[in-house]
Amino acid sequence: MAENVASLFEAARHEGRPALDEKDGKSCLSAFGMAVPQSVVVTSADDGRKACDDLTPPFAVKGMSRDVLHKSDVGAVRLNLTNGDEVVAAITEIEKALGAYTKNIDGYLIEEMAAPGHELVIGGLQDPQFGPLVMVGLGGIFIEVFEDVAFGICPITKRDANQMLDELKSASVLAGARGGLVADREAIIAALLAVGGDDGLLMSHSADIAELDINPLIVSEKGAVAVDARVVLFNEASRNSEAVTIGSPEEVLATFKPLYEPQTIGVVGASSTNMNRLNNYMRWVRNFGFKGDIYPIHPTAAEIDGMPAYPSLADTPKPVDYAMVGVPSEKVPATLEAANGRCRFAHIIAAGFGEKGTSEGDQLQEALIAAAKKAGVRLLGPNCNGGFSPRSPYTYVNGMLPEMGTIGCISQSGGLGIDVLRRGETRGLRFSGLMTIGNAADLGPTDLLEFYLADPKTKIIGMYVEGVKEGRKFFELLRRSNGDKPVVLLKGGRTALGLQAAASHTGSLAGDDRVWQALARQTGALIVSTLEEYLDVLLAFQMIPVRAKDPTNSAAIFGNGGGTSVLAVDGFANRGIRVDRFLPVTQEKLADLGLPPGCALNNPIDTPGGSIRVDDGAMGERIMEIVYANEDVQAFVMHLNIPVLMRQVIPGQDLLVNLMDGADRVEKKYPGRTHFLLVLRSDGRAEMDDKKREVREWALQRGYPVFDELTNAVNALWAIGTYEAFRAGRE
């Protein structure tokens, strides 16, 4: 089979054709198990008449020319022909229509028309980042009118194909909405796998096929037939299939150990006369708890900040595990080349390289890469801020806690990396490492993802990325990991203007957002839209145990704030999480508590501040106890408006602590029953924010995540539930 298909490609190239003719295109599909119409190619009208004797009407006739890819656009298609005479007339008309465009008429395809059905399109193309993609959607004119399509990164599985179909807005149409024809779903899935599966056409011939277009694929109640096929080829010179090499976990961990656990740090760019950024950096690293050797690098100084200085990275007493390089961009290549094999990793702060989008910047970046390669240095950057690791602790952000955590982060923006560290620490996030990578001229998101996936100390992975250069390996790493660790992607450049901004920021190719959505769907990664959501989701995974056997799809809400609760119900519904009315027994027991009029007890539970304050906060514990004992919900969200609750607190009463202690007792009584999330709302006044910080610390110490608003909790639960569902259904 493979040899026959390959011979069609070679024959087309030999003849100088950029694409297979339709007959050969359908032969490719047939070789991979797809149904195609019975057909014959003729070169004259008379031959066409004779060919009809061996075919069953109605017929379609299509003109074939190497110079024309879209036959319908030039009037070279005739349909619903019933006999030989009509076929003769059609060929005569098509010959005239094609002749107006080209002298190269390769023949006329006569084929049996497929039975009526839904018209779909299955497409294939080569993505510059991720390689072969397969696409499905409504075909015919609908693809251009509605753009109702779903993508998959090859190879896809049967589960992927099912999810692609579910993603279509027209899914209900294919399922027979309003009494319509029910499409043969299994036939569509089989066609998708024939094109994009592990042994499908695109994976088997990714070096040959630039584009594939099956439009339409006519799907009836029993079967699917490819009635048109266009296969565009790569030129011989442009054929390129990215080889993916994935190292063993042991090899990967050994490679990156000097970066995350350096014993020696070189600092290039500190001043011997003034206090600059690099001088501060050395002080921050030492204050953070680094116990190894720090080597200031300076061409003339003998000492900087009380430490011996050395002329180059090659002159230090011990080889440098990690260097922070802060000299101007034009000096960086020579600085690295001088290391001469005695520096393992280097972070390049300076900008002015490929992100400039100029030939000068590109040339300087190429010189940087060449110098690093010659000196045996692996680069992070340029155009970034540094790294953070609490293992052999060093930091580029002052004032951080050297506390080992489980979240490994990658940031293509140095400034955003600072936000993640500072704001994340305030919320309770603890990191196993964070590396900024800027332009990613050498080491990029894919390399560090490979490390974090292999690293036993990292349980959750967070990434801010604008683009990936080794997209195929990036996808394969996530696909093979199959959701073993949560991976949260904050993706920059998801809109047209965002693409432009990404290009000017790091020179990255950001790619089509629909392809990134396909990557998330197929690998279990989670794409978020804002920094706020990114931090919330990372916190959720750090604090909430994942339950793959019982994915989160329902929640109970309890707190003070009716409008806030209503908005939360809408937010949960939009994220696919139900807030169902409680069972009658639950409502009865809640009613027996004697709460005053105005309290809502049906889910969400809305109790004014005065009701929550009953018995010094004990009412909150009673409400939780009833819900936990009688309801089967996957999440319980308590939201507290701190200023309202604190408005009438009796002196000496610590209402919030009492509420939290009660919640903790219920949680311990029903371990693993439900996810507990706490929302603490403040009005921005200093005393309220202080109280919020106090209660947040209480909750974090006991393992409960705290969010600023109910919408934040909605995003967090969506991520947990989506990941749990992926884990539950993974193959």
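Quantities reported herein were computed from a predicted structural model and do not represent experimental measurements.

Our next topic: the overall build of the chain. Within the chain, the regular secondary structure consists of 27 helices and 30 strands. In terms of principal-axis extent, the alpha carbons of the chain reach across some 100 × 80 × 40 Å. In the chain, which comprises 731 residues, the proportion classed as buried is 57%. In the chain, the share of contacts with a sequence separation of at least 24, taken over all contacts with a separation of at least 6, comes to 72%.

It is worth spelling out the nonpolar core at this point. By size, the foremost hydrophobic cluster in this structure holds 108 residues, and its most contacted members are Leu259, Phe474 and Tyr534. Here Tyr534 is in contact with Cys409, Ile410, Val420, Gly462, Met463, Tyr464, Val488, Leu490 and Val528, once residues within four sequence places are set aside. Ala12, Leu138, Leu201 and Ile209 belong to the second-largest nonpolar core, a separate cluster that totals 42 residues.

This part is about the layout of surface pockets. Size it by volume and the second largest pocket reaches roughly 500 Å³. Looking at the second largest pocket, it is lined by 26 residues, and the ones nearest its centre are Arg521, Ala525, Leu526, Trp718 and Thr722. Sorting the residues of the lining of the second largest pocket by element identifies α6 (158–167), α18 (513–523), β24 (526–528) and α27 (710–729) as the ones contributing at least two each. With 6 residues, α27 is the single largest residue contributor to the lining of the second largest pocket. Tallied by class, residues from the lining of the second largest pocket come to 11 nonpolar, 9 polar and 6 charged.

Attention now goes to empty space enclosed by the protein. Across all of its chains, the model carries 4 cavities of 30 Å³ or more by this definition. Approximately 170 Å³ is the volume attributed to the largest cavity. Lining the largest cavity are 16 residues; nearest its centre among them are Leu20, Asp21, Glu22, Ser65 and Val68. Put simply, the parts of the chain that give the lining of the largest cavity at least two residues each are β1 (19–20) and β3 (59–64). Here the residues of the lining of the largest cavity are counted per class, giving 7 nonpolar, 2 polar and 7 charged.

This part covers the sheet that holds β24. The strand order β19-β21-β20-β22-β23-β24 describes an open sheet built from 6 strands, whose pairing is mixed. The strands lining the two open edges of the sheet, one partner per strand, are β19 (387–388) and β24. By the bridge criterion, 3 bridges tie strand β23 (residues 487–491) to β24 in an arrangement that is parallel. Considered in β24, the bridge of Val488 is made with Leu526.

On to the pairing of strand β5 (residues 107–112). Judged by how many residues are buried, β5 sits mostly within the fold: 6 of 6 residues are covered. The two faces of β5 match: Gly107, Leu109 and Glu111 on one face and Tyr108, Ile110 and Glu112 on the other face are all buried. In the sheet, strand β2 (residues 39–42) pairs with β5 via 4 bridges, with the strands oriented antiparallel. What sits directly across from Val42, in β5, is Tyr108.

Looking now at the sheet that holds β3. The strand order across the open sheet formed by 4 strands is β2-β5-β3-β4, and the pairing between neighbours is antiparallel. Each end of this open sheet is capped by a strand with a single partner; those strands are β2 and β4 (77–81). Neighbour-to-neighbour, the strand axes of the sheet open up by a mean angle of 20 degrees, direction not taken into account. Strands in contact with helix α4 (residues 84–99) are β2, β3, β4 and β5; relative to β3, the strand with the most contacts, it is inclined by about 25 degrees.

Let us look at α4. Over its 16 residues, α4 runs 22 Å from end to end, which matches the ideal 22 Å to within 8%, given 1.5 Å per residue. The set of residues buried in α4 consists of Gly84, Val87, Val88, Ala90, Ile91, Ile94, Ala97 and Leu98. Lining the buried residues of α4 we find β2, α3 (45–51), β3, β4 and β5. Measuring from the side-chain oxygen of the N-cap residue of α4 to the backbone nitrogen of Asp85 gives 3.1 Å; that N-cap residue is Asn83.

Okay, the pattern of salt bridges next. Counted under the stated rule, the structure contains 42 salt bridges. The closest approach of N and O atoms between Asp683 and Arg685, which form a salt bridge, is 2.7 Å. Of the residues examined, Asp683 reaches a relative accessible area of 41% and is grouped as partly exposed. Using a relative accessible area of 40% as the deciding quantity, one classes Arg685 as partly exposed.

Before going further, it helps to spend a moment on unusual backbone geometry. With an omega dihedral of 5 degrees, the bond running from Cys154 to Pro155 counts as a cis peptide bond. Along the chain, Pro155 falls in the loop between β8 (149–153) and α6. The residue after Asn215, namely Pro216, is reached through a cis peptide bond having omega 10 degrees. Phi at Asn383 takes a positive value of approximately 70 degrees, unusual for a residue other than glycine. On the secondary structure map, Asn383 appears in the loop between β18 (378–380) and β19. The buried category is assigned to Asn383, whose relative accessible area is 18%. In this structure, Asn482 takes a positive phi of about 55 degrees despite not being glycine. On the secondary structure map, Asn482 appears in the loop between α16 (471–481) and β23.

On to the confidence of the model for the chain, then. It should be kept in mind that the predicted coordinates are not to be read in detail where pLDDT is low. Counting all residues, the mean pLDDT for the chain is 92, and 95% of those residues have values of 70 or more. Every residue in residues 502–510 scores below 50 in pLDDT, and together they form 36 contacts with partners more than four places removed in sequence or on other chains.

Two elements in contact, helix α10 (residues 249–260) and helix α15 (residues 445–454), have axes separated by 9 Å at closest approach and are oriented at 110 degrees. On the basis of the axis angle, α10 is roughly perpendicular to α15. Taking contact as the criterion, the partners of Pro249, Val252, Leu253, Phe256, Leu259 and Tyr260 in α10 are, on α15, Asp447, Leu448, Glu450, Phe451, Tyr452 and Ala454. Of the residues assigned to the contact of α10 with α15, the class counts are 10 nonpolar, no polar and 2 charged.

A word on α18. Among the 11 residues of α18, 8 are classified as buried, and the element is accordingly described as predominantly covered. Along α18, the positions that sit buried rather than exposed are Val515, Trp516, Ala518, Leu519, Ala520, Arg521, Gln522 and Thr523. Residue Gly524 follows α18 closely and has a positive phi angle near 85 degrees.

Glancing now at the packing of helix α14 (residues 414–427) against helix α19 (residues 531–543). Put simply, α14 and α19 touch, their axes get as near as 10 Å, and they point 50 degrees apart. The pairing of α14 with α19 is recorded here as oblique in orientation. Pair α14 / α19 crosses with right-handed handedness. Taken together, the residues of α19 that come into contact with α14 (itself represented by Leu416, Asp419, Val420, Arg423, Gly424 and Arg427) are Leu531, Glu532, Tyr534, Leu535, Asp536 and Leu539. Here the residues of the contact of α14 with α19 are counted per class, giving 6 nonpolar, 1 polar and 5 charged.

Definitions and cut-offs
All residue numbers here refer to positions counted from 1 along the written sequence of the relevant chain. Restriction of local features to residues with pLDDT of at least 70 applies here, the model being predicted, together with a cutoff of 80 or more for giving and counting side-chain atom pairs; totals for whole chains, interfaces and linings are based on all residues. The basis for every side-chain value is the complete set of heavy atoms in the structure, and neither hydrogens nor water enter the calculation. Each helix corresponds to a stretch of at least 4 residues labelled H or I by DSSP, and each strand to a stretch of at least 2 residues labelled E; elements are numbered beginning at the N terminus. A 1.4 Å probe rolled over the protein chains alone gives each residue an accessible area, and that area as a share of the maximum for its type sets the label: buried under 20%, exposed over 50%, partly exposed in between. Any pair of residues with heavy atoms lying within 4.5 Å of one another is described as a contacting pair. We define the nonpolar core as a collection of buried residues of types Ala, Val, Leu, Ile, Met, Phe, Trp, Tyr and Cys that are connected through side-chain atoms lying within 4.5 Å of one another. Within this scheme a cavity is a closed region of a 1 Å grid, computed over the protein atoms alone, that accommodates a 1.4 Å probe without allowing it to escape, whereas a pocket is open but has protein on both sides within 12 Å along at least five of seven lines; lining residues each have an atom within 4 Å of a point. Grid points are joined across faces, edges and corners, and a volume is the space filled by probe spheres set on the points. Each residue gets one of three labels, nonpolar for Ala, Val, Leu, Ile, Met, Phe, Trp, Tyr, Cys and Pro, charged for Asp, Glu, Lys and Arg, and polar for the others, Gly among them. If DSSP finds at least two bridges between two strands, the strands pair. For helices, the fitted axis covers only the stretch in contact; all axes are lines through C-alpha atoms, and the angles between them, taken along N-to-C directions, range from 0 to 180 degrees. To estimate the expected span of a helix, count its residues, drop one, and scale the result by 1.5 Å. Polar contacts, as counted here, are pairs of nitrogen or oxygen atoms within 3.5 Å of one another; within protein the pair requires one atom able to donate a hydrogen and one able to accept it, and residues that are adjacent in sequence qualify only if both atoms are side-chain atoms. Should a side-chain nitrogen of Lys or Arg be within 4 Å of a carboxyl oxygen of Asp or Glu, the pair is scored as a salt bridge. For every residue, the predictor reports its confidence as pLDDT, a number between 0 and 100. What sets the label is the angle itself: under 35 degrees gives roughly parallel, over 145 gives roughly antiparallel, 65 to 115 gives roughly perpendicular, and the rest give oblique. Crossings are assigned a handedness: left-handed for a near helix turned anticlockwise from the far helix by less than a right angle, right-handed for a clockwise turn.

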